Amino acid sequence: MIDQNVNNNGNIERQVNTTGNVYFNNQTRWASKFQKLKEEIENDIRFDTFIDDFKLYNTLLDGKSMPEKLKDGGFNDTEILHATIRKEKYAKKLVSRQLYETEQKIDVELFAFIRLNFETYIEPLVESNTQKSQIKTELNEKVIKPILQILNEEGKDDVFLNYSADDILGMVYFLTGKCHLNWKNYDNI
């Protein structure tokens, strides 16, 4: 079922479907952001600084590094190396293209999604000392795949961000490095 708001000109301004997706002018909020990003890139409209919401995620919250957090979480040296490469790959993309306002807004939405799903699905596994292999499987199922689905559907025409599973994992490890995600229950230390 779709609920529609129609303006005085007869144009659909907003639709809400049964899955809760909100559409403006027949576009979802995500699709609108990808469209706006495309326009900013085409017109080279850059932003002078990071938006406040992005600054929050780019702020280091405590003193433990990403490798330390992963080691505490039972990751071996090879896994930490792979995580570091993914984090650095994402960070380099971010630095090389930064300052498009809508790109930052998209990344903030992705960060929020990652953080919420990590807190909801992954932290309970970490707290109950679930095997790392199961945690990584759940991370893929509950965090990475849903984001890729959003990007594939809503950003299907995106050729600028073009995020892959590696990039999304890079974001996970970026947030780990900024201490927004923990791989060990530090309350019990």
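Residues numbered from 1 in each chain as written. Predicted model: local features only at pLDDT ≥ 70, side-chain atom pairs only at ≥ 80, totals over all residues. Heavy atoms only, no water.

K.L.:
Looking at this structure, how should I read the overall build of the chain?
P.N.:
The number of helices and strands found in the chain is seven helices and four strands. Each helix and strand of the chain, ordered N terminal to C terminal, gives the series β-β-β-β-α-α-α-α-α-α-α. Classification of the 189 residues of the chain by burial places 37% in the buried group. Sequence-distant contacts in the chain: of pairs separated by 6 or more residues, those separated by 24 or more amount to 69%. (Helix = DSSP H or I, 4+ residues; strand = E, 2+ residues; numbered from the N terminus. Buried < 20%, exposed > 50% of the residue type's maximum accessible area, 1.4 Å probe, protein only. Contact = heavy atoms within 4.5 Å.)

K.L.:
How should the nonpolar core be read in this particular structure?
P.N.:
Nonpolar side chains tend toward joint burial in soluble globular proteins. Residues I114, I168, V172, Y173 and W183 are the most contacted members of the largest nonpolar core, which totals 41 residues. Among the secondary structure elements, those contributing two or more residues to this core are helix 1 (29-42), helix 3 (66-72), helix 4 (77-97), helix 5 (101-127), helix 6 (132-154) and helix 7 (165-177). No other element matches the nine residues that helix 5 contributes to this core. Those residues in contact with I114, other than ones at most four positions away along the chain, are V143, I147, I168, M171, V172, L175 and L181. (Core = buried A, V, L, I, M, F, W, Y, C linked by side-chain atoms within 4.5 Å.)

K.L.:
It is not clear to me how unusual backbone geometry should be interpreted in this structure. Could you clarify?
P.N.:
Backbone geometry follows two general trends: most residues other than glycine have a negative phi, and most peptide bonds adopt the trans configuration. Here N162, not a glycine, exhibits a phi torsion of approximately 45°, which is positive. Mapped onto the fold, N162 is located in the loop between helix 6 and helix 7. Relative accessible area serves as the criterion here: at 51%, N162 is assigned to the exposed category. Positive phi, normally seen in glycine, also occurs at C179, with a value near 70°. The residue C179 is located in the segment after helix 7 in this model. With relative accessibility at 8%, the residue C179 sits in the buried group.

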